[in-house]
Every structure is written in structure tokens, then in C-alpha cells.
Protein chains: 2
Amino acid sequence: MSDNNFKSLEDTLDKYIPPEELREVKRILYGRAEDNPITFSLEATSLAKEVGVDLRGYTFTARKEDLRRPRIVRVGAIQNTVDIPTTAPIHVQRDALHEKVSNILRVAASAGVNIICFQEAWTMPFAFCTREKFPWCEFAEDAEHGPTTKLMKELAKQYNMVIVSPILERDSNHNDTIWNTAVVISNNGNYIGKHRKNHIPRVGDFNESTYYFEGDTGHPVFETQFGKIAINICYGRHHPQNWMMFGLNGAEIVFNPSATIGALSEPLWGIEARNAAIANGYFTVAINRVGTEVFPNEFTSANGQPAHKDFGPFYGSSYIAAPDGSRTPALSRDKDGLLVAELDLNLCRQVKDFWGFQMTQRLPLYAESLAKVTKPDYKPQVIREN
Amino acid sequence: MSDNNFKSLEDTLDKYIPPEELREVKRILYGRAEDNPITFSLEATSLAKEVGVDLRGYTFTARKEDLRRPRIVRVGAIQNTVDIPTTAPIHVQRDALHEKVSNILRVAASAGVNIICFQEAWTMPFAFCTREKFPWCEFAEDAEHGPTTKLMKELAKQYNMVIVSPILERDSNHNDTIWNTAVVISNNGNYIGKHRKNHIPRVGDFNESTYYFEGDTGHPVFETQFGKIAINICYGRHHPQNWMMFGLNGAEIVFNPSATIGALSEPLWGIEARNAAIANGYFTVAINRVGTEVFPNEFTSANGQPAHKDFGPFYGSSYIAAPDGSRTPALSRDKDGLLVAELDLNLCRQVKDFWGFQMTQRLPLYAESLAKVTKPDYKPQVIREN
């Protein structure tokens, strides 16, 4: 069976394992015996079918509190293929993705989504593998006033939805620097701010420092009408300290828009964003592309293989994890999907109060230790046999 | 199906899923399509049967290098029940555990193990749930000269094996303070040093600060003849920054001796130690008890349930994870077990060189950020809609 033909881990488990044992398997693997699916309206499911997107939704609950009302929010994540050839003119490629994702946004609105996030660099193919500057740099646009943000501001307002829009940014106020950036737009259609990818890979097909460097925007949390959100872009998910800072700044939901392939990272995928949810007491939303993108010129992948024009399929499998360690099933490995989760954000503080990691984490010790480690003459703490 | 009757996640997967699809399931869930079991000698398997311990072993390989020879090490982890009643005299309980684990050590020696670690506070039942000081404090003993270390020094020398022995420590040089401590003994039978549990839980049945406080030994790495090892005791696995510091000090294998129960942590178990292996470029060995321990006097678990004399079974499920994100199957949820992994430690640096996290982790940024966060007047980085 090739990598490509395996559609979904969850479908296989559901298909073969008898119901009673499946409950135990799911309790251990997913943190809950039941998936708790959302039943969407006929309108939403029909529209999803019409648009051609796999709509799935799941509910996370929290205990009732006396002093706070439940804070119920529907969060959405979109994974999608890039259908138009990468040889088309840049504006044609971008317009096609604008249209495709706008259609999925209609489904999200119909499914009652309050906050949505798209995949990393969603307005373009993930062309960084080519290491060619042209024409790909043309996709970079202004975070606040570019055509993508302009369109998303309209749709955010129309749908009363917070939109997290990860794009390739060009900052003309700083000498035309390029960044990998997530733009946050409020449900009123206003630009709230942006976050620039903190950790930049240099591995295999992902030598992204060819195009942009480590982000200079810190670890901002965006206070929206529906909750406090942050964005850990792609490779930043490998760095627990990046996740941690978003938590220390008060995030309740952290999105992880990504572009990653099976050979590189698939066994890590279910681990990292979920570990972050557990360690930091917030929800995480892991989003990956689907499909194979073919580029005009061949390139090598630094893995001993001959030059080629694609580097294999992105495996999708987007999922949402909760601070109590439970998670949704994943979207498929190969199809456009819209994943919705209905969350009670009160769960964040409840889990923190239960486990107490915020009190037991000994931050002063680590502030001091890291300050020492970063000195060039640092001597690791090693104990040897006398 | 009750929690108790479900023996092992892996057994269920192996039983129901057809071979070809099982390969994909294992690739995604365990990071490799094959378990790569070790074939042990007849002597080892016979002895394991005689001793009554479930012996399992798996191999992890690394690429051949020109300048370094392979650094092959066999690592062992023991999970075991406490069979003798907790009402027996303290010395009888301790002697029984000494004998039981010494027998399993014979199996380990026969299986070629070079470094072994036992479960947390292995010389005693996990009596901290009772919050009674007596008689349980009597289990505390001197780390360097106590009876357990004395016995383990003999066995370490006899078997040419590094032993990590997590005990309840009493430090009579510091006014009889008690600690949760792992003692490291070299294969020559020498005491190398100790590490004290850095993060202490206060949750449910685990209000351990009743007995001992946060460790004061930093994040030592012990350089042994077979590799550089460290110990992250139990609840420290919830804190990524704790794992990180062991990595920054050069650990190649980090043991996580634990005592944890299903209702509290089972869905987190497969995530945390494995995430640490990925993020820090070392092997992790997650060890948990098995069985149910019944105490003389009833106690409550701060969960609304009536007082009781046990808090349910420890779920075992010990496993070993590699820096490339792959892992072994787990030992069972309910039986004594000895898990062995044959590692090539060269994999640690190879994975670090491949992913480059050690270069992309931006430690100075986090040293600075944490220093700010720890100030009482810290203002989180929050961006609001204008």
C-alpha cells in the first residue's frame, strides 16, 4: 500500500476494531472514547457538498462554573489543494485560491464558525522548495493593505468571523523585506495585527531562509471578540518554548498553519501540537495542506534522489487538540476539508487549575538556566564517575 | 469493557487490522512500519519466564558514519507491581521489592542490557496518596550509602550495568530533608551521582509536596561508559522546559520513571516523552508502574468520590521513543515487564544535524522573554482591536 492510498488513520481504526474495544483505543489515542460529532444543518452540509469540501465537526465541553458563563466558540480550520497549475500567471493563481477558499468560507459561515484559520502561505503553492526567487516572490503582499487582506476584511465582516490569514508578506516600509506572516482580522472586518513566523526551517525541501528570516514580532496574543488567539506558524511547532510563550501571554487557542509532507514529519504530526495543548493549557489547531504541487523547473531535495518537479503529497490530517489532552479525529490525508470544533474556552483555565502547571513550572529557574546556556562559554552540567 | 480489562493498545491493533494497513497505521502512530523486535537468547527468554516478567525488545538503527563508529547500547526499563501487602513491616516490603527487582535484573543481564532504570520510588508502594507521614517516611534512605544503593552497587558491578535507581531519599546532612531522587550507579559499581525531581505535583492523589519539595540539583547529565544519560522524574514530563535543559546539557537518553494512573494521564502518556525525544534529539524511556496498591487506612482523592483504600491501577505501558519520532510498542497495561531497546546513540546527533533544532531554537530570545515573564509586573504581549 503506498503512502498515497492510505486515506485516514481514523477510518482504518473505525473500520476494523470492534465497538467496545474501539472505545478504549480512542480513549488512549484520542483522549476520549467518543468523537462527539457536531450535527450540522442541512444548509451547511448541502453547501459543503456543493463546494466539494469534507465538513467535519466535533464538540469539546467544560464543567459549569458559577461565576463565569460558558464561553462557547466554533473554531474552523481549512486544508486545501492548490488546483491551478503553478505555471499560470501569479494573479491567476492567487485569484483561483481566493475563490476556492472564499467558497469554503461560505460553508464555514453556514456551519456557525466564529474564528477560522487557513493553511500556511495559503495564497500560493508552497514554492520555497524550488529556491527560485522568481516568479514566487511576486506572491508576497502587504499584510495590512494587500489584496488578500482586503478581500478577507470584507468576508470577515460579512460573516461576522475572525479570520487568521497566513500569507507571504512584503514589508515595503522596511526596504522590501519578505516574511512568513499570519494576519489577524476581526469579525468587524478590521485588521487587528500580524505575527511573523518565529522559527525558520533549513531542512530538505524547506530551506525557507532563502526567502525570509526569523520573525521579529515576538509572541503576540490577539484578543478577539471570541477569545484570545495566537499563531505558531509551521516549523515553530517543533519548538516547545515557542508554544510556551504564547501560553504565557494568555492564548486560549493557538493555530499552527503548516505545510509538511509524510516522509519528513507525519509521525510527529499528532504529537507536537497536542503536547503543546497539554503543556500550556490551551486549544491547538494543527492545519496542513493536501495534494501534490508540481513546479515548472526541476529541483533537488537534498536526499540523494534525482531532481524532480514535486516533492510528494502534503498529508493534510488537520486536527484540533484540547488542553485536557483530548483531540478530534483528523481530516483526511488527501481531500479538501473544513474541520470545525465547538469549544468551551472555560476549559483552558479549568485544566490549568486542575494540573497546576502554571504554578509548578519554575520559570525563574529556566530564565536563569537559559541565560547561562546562551553564553558562548557555557559548560554543560555533566557529572562523571570519579 | 472496563479500563482494567484492556491489556494493550498494540495487541488490539495487531489483532484486528490487516497487515498491509497495519504497516501504515504503525508508520503514523509509531513512526515506523515495523516493530523491529530483538530476538533474545533462549537463556534470556527462559529466565524471563521463570522470573515471570514479560520480556520485549526492539531495535533502533542509525546511518553509518565515517568518523564515528556505531555506538550501540542496550537500554532497559522495568515496570512492576508491588505484591507484598502495604501492612507488612517496612523492611519486609523493601526486601521483597529488592528481591523482585533483583530477579528482573538477572533477566536484563541475560538480555545484554547496559543501562537500566526502574520505576519511580521503586522500593516502596506509592503511598503519597495517603498523605500520612507514618510509616511511609521510613522508606526514605540515604542516596549514596543507603541499603538500596548498596545492593545496587553490587549488582551493577556484577552485571557490568549502569543502574538508575529512583528512590525516596533522606538527606541527613541537611537536617533530615526528604527528596524524590534518582541515584545513578556506574557499571563499575560506583555511585556517580543523583538527581532530584524538579517538578512536584499537587493534583488529585498526588499531593507530593506533603513529603518533598522541588529538586535543587539542576539538570545534570551523567556521563557513563555507555552514553550520556539524565532522569526526568515523573511529573517533570509535563514541563517541556525541564526536558529541554537535559538536552542542552548533552543527554542522549533521558529516563522518565513515573507512577501515574489511567483516569489522570493515560491519553497524555504516549505524547509527552515522545515529544521530548523529538524536540531535544535524544532517546526517552517512559516507565510507569503496574497494579493496584491497597493501603491500610482510607483516604480521599479530591474528586468527589467517597474515601477508599486504593486509587485504581497504574497502567504500565512503558515505552521508548527515539529522536526521529519513532517509538517502540508499549509494555502491557497490567503485567510486570522488562522493555529493552538496542539503540545506536549516533542517531541523536544525526537527527539534530538533520532537523537543526539546535540552531533554530533561538535560545537568547527565550532567555530574555522568560526573564521578563518572571517579573511580578509582567504585561503579556496582547494585541487588541483598535
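Residues numbered from 1 in each chain as written. Chains lettered and ligands numbered in written order. Predicted model: local features only at pLDDT ≥ 70, side-chain atom pairs only at ≥ 80, totals over all residues. Heavy atoms only, no water.

Peer 1: I would appreciate a short explanation of the overall build of chain A in the present structure.
Peer 2: Each helix and strand counted, chain A has ten helices and 17 strands in total. Here the C-alpha atoms of chain A give a radius of gyration of 21 Å, agreeing with the 21 Å that 2.2 N^0.38 yields for 386 residues. Overall, the C-alpha framework of chain A stretches about 65 × 55 × 50 Å when taken along its three principal axes. Taken across its 386 residues, chain A has 65% of its residues classed as buried. The long-range share in chain A, meaning contacts at least 24 apart out of those at least 6 apart in sequence, stands at 70%. For chain A, the computed accessible surface area is about 14,100 Å², with 50% contributed by carbon and sulfur atoms. Between the centroid of the 42 positive side chains of chain A and the centroid of its 47 negative side chains there is a distance of 4 Å. (Helix = DSSP H or I, 4+ residues; strand = E, 2+ residues; numbered from the N terminus. Rg over C-alpha atoms; globule rule 2.2 N^0.38 Å. Buried < 20%, exposed > 50% of the residue type's maximum accessible area, 1.4 Å probe, protein only. Contact = heavy atoms within 4.5 Å. Areas by Shrake-Rupley, 256 points an atom, 1.4 Å probe, with all protein chains shown as cover. Lys, Arg positive; Asp, Glu negative; His and termini not counted. Charge placed at Lys NZ, Arg CZ, Asp CG, Glu CD.)

Peer 1: What is the right way to read the relation of the copies chain A and chain B from this model?
Peer 2: Superposing the two chain copies requires a rotation about an axis and a translation along that axis. Mapping chain A onto chain B leaves a residual RMSD of 0.0 Å; the transformation is a rotation of 180° accompanied by 0.0 Å of translation along its axis. Within this description, the copies of the chain are treated as partners about a two-fold rotation axis. Taken as a fraction of all interface residues of chain A, those also at the interface in chain B reach 100%, which identifies the copy contact as same-surface. (Least-squares fit on C-alpha atoms with pLDDT ≥ 70 in both.)

Peer 1: When you look at helix α8 (residues 346-355) of chain B in this model, what are you seeing that I'm missing?
Peer 2: Two residues of an α-helix separated by three or four positions point the same way, owing to the 3.6 residues in each turn. Of the positions making up α8 of chain B, those classed as buried are N346, L347, C348, Q350, V351 and W355 of chain B. Among the structural elements, β7 (202-203) and α7 (262-280) of chain A together with β12 (283-287), β16 (337-344) and α9 (357-360) of chain B are those in contact with the buried residues of α8 of chain B. G356 of chain B, located one to two residues past α8 of chain B, shows a positive phi value of around 75°.

Peer 1: Mind showing me how you'd approach the pairing of strand β10 (residues 227-231) of chain A here?
Peer 2: Residues and elements named next belong to chain A. Counting buried positions along β10 yields four of five residues, so the element is predominantly enclosed. Relative to β10, strand β9 (residues 221-224) runs antiparallel, the two sharing three bridges. Bridge pairing in β10 places E223 opposite K228. Linkage of β9 to β10, two consecutive antiparallel strands, is achieved through a turn of two residues. Tracing the backbone out of β10, into helix α6 (residues 240-248) and back to the parallel element strand β11 (residues 253-257) gives a crossover that is right-handed. (Pairing = 2+ DSSP bridges. Right-handed = clockwise from strand over helix to strand, strands pointing away.)

Peer 1: Whenever I open this one, the interface of chain A and chain B confuses me. Can you help?
Peer 2: Where interface size is given, it is often the accessible area lost as the parts come together that is meant. Contact residues are listed per partner, giving 86 residues for chain A and 86 residues for chain B. Both faces combined, the contact of chain A with chain B buries some 8,200 Å², and carbon together with sulfur accounts for 64% of it. Our enumeration of links across chain A and chain B arrives at four salt bridges. Ionic pairing is found between R27 of chain B and E266 of chain A, a salt bridge with its closest N-O pair at 3.0 Å. (Buried area = accessible area lost by both parts, 1.4 Å probe. Salt bridge = Lys/Arg side-chain N within 4 Å of Asp/Glu carboxyl O.)

Peer 1: It is not clear to me how empty space enclosed by the protein should be interpreted in this structure. Could you clarify?
Peer 2: To find leftover empty space, a probe the size of one water molecule is rolled over the atoms. By the definition in use, this model includes ten cavities of 30 Å³ or more. There is about 550 Å³ of room inside the largest cavity. Lining the largest cavity are 37 residues, with L29 and R274 of chain A together with L29, I271 and R274 of chain B positioned closest to its centre. For the lining of the largest cavity, the elements supplying multiple residues, two or more each, are α1 (9-16), α2 (19-30) and α7 of chain A together with α1 (9-16), α2 (19-30) and α7 (262-280) of chain B. Grouping the constituent residues of the lining of the largest cavity by class yields 21 nonpolar, six polar and ten charged. The space that makes up the second largest cavity amounts to roughly 100 Å³. (1 Å grid on protein atoms, 1.4 Å probe; cavity = no way out; pocket = protein on both sides within 12 Å on 5 of 7 lines; lining within 4 Å. Points joined across faces, edges and corners; volume = space filled by probe spheres on them. Nonpolar A, V, L, I, M, F, W, Y, C, P; charged D, E, K, R; others polar.)

Peer 1: It is not clear to me how the UniProt feature "domain: CN hydrolase" (unreviewed entry) in chain A should be interpreted in this structure. Could you clarify?
Peer 2: Mapped onto the present numbering, the UniProt feature "domain: CN hydrolase" (unreviewed entry) falls on residues 73-345 of chain A. Split by type, residues 73-345 of chain A is 23% helix and 27% strand. Its first and last C-alpha atoms lie 7 Å apart. (UniProt positions renumbered as here; feature names shortened; annotations may be inferred.)

Peer 1: What should I look at first to understand the environment of V254 of chain A in this one?
Peer 2: All names here are of chain A. Mapped onto the elements, V254 comes out in strand β11. Accessibility expressed as a relative area gives 0% for V254, which makes it buried. Taking the C-alpha atoms as reference points, V254 and G204, separated by 50 residues in sequence, lie 26 Å from one another. Once you skip the residues sitting within four places of it in the chain, V254 turns out to touch A230, I231, N232, W243, F246, Y282, F283, T284 and V285.

Peer 1: What exactly am I supposed to notice about the domain arrangement of chain A here?
Peer 2: Residue and element names in this part refer to chain A. The assigned domain composition of chain A is domain 1 (1-34) and domain 2 (36-373). Computed from C-alpha coordinates alone, the two centres of domain 1 and domain 2 are separated by 25 Å. The partner domain 2 presents 17 residues to the 13 residues of domain 1 that form the contact. Buried area between domain 1 and domain 2, summed over both chains or domains, comes out near 1,200 Å², and the portion from carbon and sulfur atoms is 37%. Inspection of the domain 1/domain 2 interface yields two salt bridges. With its nearest N and O atoms 3.6 Å apart, the salt bridge here joins E10 to R327. Taken together, domain 1 and domain 2 are joined by eight residue pairs in polar contact (both at pLDDT 80 or more). A total of three residues in the side of domain 1 that touches domain 2 trace back to one element, the largest contributor, which is α2. (Domains from an automatic or database assignment. Polar contact = N/O pair within 3.5 Å; in protein donor to acceptor, adjacent residues only side chain to side chain.)

Peer 1: Mind showing me how you'd approach the environment of Y159 of chain A here?
Peer 2: Residue and element names in this part refer to chain A. Mapped onto the elements, Y159 comes out in helix α5 (residues 147-159). On the accessibility criterion, Y159 (17% relative accessible area) is buried. Considered as a pair, Y159 and S110 are 49 residues apart in the sequence and their alpha carbons are 8.9 Å apart. Those residues in contact with Y159 that sit more than four places away from it in its chain are S102, L105, R106 and A109.

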